[in-house]
Amino acid sequence: MAGSNAPQISPPRWLLAELTYSCPLQCPYCSNPIDYSQYPEELDTGEWQRVLSQARKMGAVQLGFSGGEPLTRKDLPELVSHASDLGYYSNLITSGYGLNEEKIVQLQQAGLDHIQVSIQASTQELNDHLAGTESYQHKKKVAHLVKKHGYPMVLCVVIHRENIHQMQQILEMAIELEADYLELANTQYYGWAHLNRDLLLPTREQFLEAEAIAQRYKKRLAGKMKIYYVVPDYYEDRPKACMNGWGTTFLTIAPDGTALPCHSARSLPGLDCPNVRDYSIAEIWNESRAFNFFRGTEWMKEPCRSCDEKRKDFGGCRCQAYLLTGDMYNADPVCSKSPQHQVIEEAIAAARRSAEQTEAPLIFRNSRKSRELSGGK
Amino acid sequence: MSINPDDIFAFSPQHRLQWEEAQQKDVILYPEGMVELNQSSVEILKMCDGSRNLQQIVHDLEQKFGTTGLKDDIIQFLEIALQNGWIERTTN
Ligand code: SF4
Ligand code: SF4
């Protein structure tokens, strides 16, 4: 890759360590791959420690422990303590399930910097329905404990049609729980969420109303609570600058050690994502085919190739282009300049029809379903 | 956010200021975020150690760098830092 046309490679800044695919919850919008049950082999403690060390050496400094539910890994405190010794800022991204005061203290002593608790909705009934598990009261308790022990408290609520009408109550709940940060993440339609898209995508009116409420609170709470509002890209004119550019900032390691330039890159054909069991992080980041595949702008087709915005959004998300147009080199169809943009409009129309009809059941994320959907293996 | 002469500034316990060898830069780290700092910002932030007010910060920095007229720049940066929650103030 040393040719003069090769784009400058910047070192990774963020490492997302997906420790496991196992999770006691069954969120129907889960971003894990639909066929996650086909990758049961998890990296062991020593392998994860090596990954952390190598990525840190290259410049990664933000570290997310996620999954699945990372708390199901018994060696989590050990990994946190290794990360802390290396100087990472470590984030635990959890459903809060299985978290108690003793563990919160133990992880803090190991050097964990922050805990992000996800809550599915602002009422017990809806939360427990969406999570496919009774978990609401416990999550609220966990949020209090996180606060009590002096961690910055980050609440994350994934927004979709089943809970978008609760926007105001969600914001009030965050105030009541004294959150320092609130992430209102409109669902991104990959994996399980894509499967359930007709049922999850809000209508335009719902989205506009919810956004207005969120922006109002954002102003009012400035200086007290930081609100991150992740827009639903289906209702935008331009795609998101996916991963801040392919292979520029983010490195995701899946539970089985597969290194991914973005968390759903495994779904792209012919990428041949490398595994940390076979290569060092430096080899993977600098030399692998997968990480160089969409670096820079050389790979682009029209309309992106001659577009003056190509350095702003990098043509959008490759996985979304593939998922929705069947060609991963296409412009992200969210873009209004994309010749395939009508697939987005059709999805919006389908969601509206479904909103006006009686409910079809959501497909919950669990191993039985995953095996069924990956060909019954 | 105007600054009171009596305000004492301290770096926020919810953030972390850290030298990054790979980037050859100081950065502020917080939940899922990072800000890269330039040299003058770092110098001001290091003065926010819970013992100085505005006048003392200006005085100490002007002395350290053998210069004058830093006050406006320092005020401007402190306001940004307060807004972003990087520093906190306590009034004596
Ligand atoms: S989104 Fe829900 S089901 Fe998926 S890993 Fe997170 S908590 Fe588990
Ligand atoms: S045409 Fe491509 S590069 Fe231009 S704005 Fe659309 S997605 Fe971005």
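Residues numbered from 1 in each chain as written. Chains lettered and ligands numbered in written order. Predicted model: local features only at pLDDT ≥ 70, side-chain atom pairs only at ≥ 80, totals over all residues. Heavy atoms only, no water.

## A word on the overall build of chain B
Working step 1: When helices and strands are tallied, chain B shows three helices and six strands.
Working step 2: The C-alpha atoms of chain B give a radius of gyration of 13 Å, which matches the 12 Å a tight globule of 92 residues would have.
Working step 3: Across its three principal directions, the C-alpha atoms of chain B cover 35 × 30 × 20 Å.
Working step 4: Buried residues in chain B amount to 42% of all 92 residues.
Working step 5: Restricting to contacts in chain B with at least 6 residues of sequence separation, those with at least 24 account for 53%. (Helix = DSSP H or I, 4+ residues; strand = E, 2+ residues; numbered from the N terminus. Rg over C-alpha atoms; globule rule 2.2 N^0.38 Å. Buried < 20%, exposed > 50% of the residue type's maximum accessible area, 1.4 Å probe, protein only. Contact = heavy atoms within 4.5 Å.)

## Side note on the overall build of chain A
Working step 1: A tally of helices and strands in chain A yields 15 helices and nine strands.
Working step 2: Relative to the globule expectation of 21 Å for 377 residues, the C-alpha radius of gyration of chain A, 20 Å, shows essentially globular dimensions.
Working step 3: With respect to the principal axes defined by its C-alpha atoms, chain A has extents near 55 × 50 × 50 Å.
Working step 4: Per-residue burial for chain A yields a buried fraction of 57% across its 377 residues.
Working step 5: Summing over all exposed atoms, chain A offers an accessible surface of approximately 15,800 Å²; the carbon and sulfur share of this is 50%. (Areas by Shrake-Rupley, 256 points an atom, 1.4 Å probe, with all protein chains shown as cover.)

## Some remarks on the pairing of strand 4 (residues 114–118) of chain A
All names here are of chain A.
Working step 1: Among the five residues in strand 4, five count as buried, and that is most of the element.
Working step 2: Where strand 3 (residues 89–94) meets strand 4, four bridges bridge the pair, whose relative direction is parallel. By the bridge assignment, Ile 93 is partnered in strand 4 with Gln 116.
Working step 3: Crossover connection from strand 3 via helix 3 (residues 101–110) to parallel strand 4: handedness right-handed.
Working step 4: The pairing of strand 4 with strand 5 (residues 153–159) spans four bridges and is parallel. Residue pairing across strands places Ile 115 opposite Met 153, the latter belonging to strand 5. (Pairing = 2+ DSSP bridges. Right-handed = clockwise from strand over helix to strand, strands pointing away.)

## Thoughts on the pattern of salt bridges
Working step 1: One pass over the full model with this rule turns up 20 salt bridges over all chains.
Working step 2: A:Asp75 is the salt-bridge partner of A:Arg73, the closest N and O atoms lying 2.8 Å from each other.
Working step 3: What makes A:Arg73 buried here is its relative accessible area of 9%.
Working step 4: When the shortest N-O distance is used, the salt bridge between B:Arg16 and A:Asp113 registers 2.8 Å. Of this pair, B:Arg16 sits in strand 2 (residues 16–20) while A:Asp113 sits in the loop between helix 3 and strand 4, placing the two residues on different chains.
Working step 5: A relative accessible area of 21% means that B:Arg16 is categorised as partly exposed.
Working step 6: Through salt bridges with shared partners, a single ionic network connects A:Arg238, A:Glu309, A:Lys312 and A:Lys337. (Salt bridge = Lys/Arg side-chain N within 4 Å of Asp/Glu carboxyl O.)

## Some remarks on the environment of A:Pro77
Residues and elements named next belong to chain A.
Working step 1: Examined against the element boundaries, Pro 77 turns out to sit in helix 2 (residues 76–86).
Working step 2: With 214 residues separating them in the primary sequence, Pro 77 and Phe 291 have C-alpha atoms 30 Å apart.
Working step 3: The residues touching Pro 77, leaving out its near neighbours within four places in the chain, are Gln 106, Leu 107 and Ala 110.

## Observations concerning the nonpolar core
Working step 1: With 105 residues, the main nonpolar core has A:Leu15, A:Phe65, A:Leu184, A:Ile253 and A:Leu271 as its most contacted residues.
Working step 2: In contact with A:Ile253, not counting residues within four places along its chain, are A:Leu15, A:Leu16, A:Ala17, A:Glu18, A:Leu43, A:Trp48, A:Val51, A:Thr258, A:Ala259, A:Val276 and A:Ile281.
Working step 3: Membership of the second largest hydrophobic core comes to 24 residues, among which are B:Phe9, B:Met47, B:Cys48 and B:Leu82. (Core = buried A, V, L, I, M, F, W, Y, C linked by side-chain atoms within 4.5 Å.)

## Describing the packing of aromatic side chains
Working step 1: With the rule as written, the count across this model stands at 13 aromatic pairs over all chains.
Working step 2: Aromatic side chains A:Phe207 and A:Tyr235 sit 5.4 Å apart centroid to centroid with 10° between the ring planes, which places their arrangement in the stacked category. Linking A:Phe207 in helix 9 (residues 204–220) with A:Tyr235 in the loop between strand 7 (226–230) and strand 8 (250–253), this pair joins segments that are 28 residues apart in sequence. Neither residue differs from the other here; A:Phe207 and A:Tyr235 are each classed as buried.
Working step 3: Three or more aromatic residues joined by ring pairs form one cluster here, namely A:Trp246, A:Phe293, A:Phe294, A:Trp299 and A:Tyr329.
Working step 4: Between A:Lys226 and the ring centre of B:Tyr30, over which it is positioned, the NZ or CZ distance is 4.7 Å.
Working step 5: Taking the ring centre of A:Phe294 as reference, the NZ or CZ of A:Arg318 above it sits at 5.8 Å. (Phe/Tyr/Trp six-rings, centres within 6.5 Å; stacked < 30°, edge-to-face > 60°. Lys NZ or Arg CZ within 6 Å of the ring centre and 35° of its normal.)

Geometric descriptors of this kind do not, in isolation, establish any biological role.
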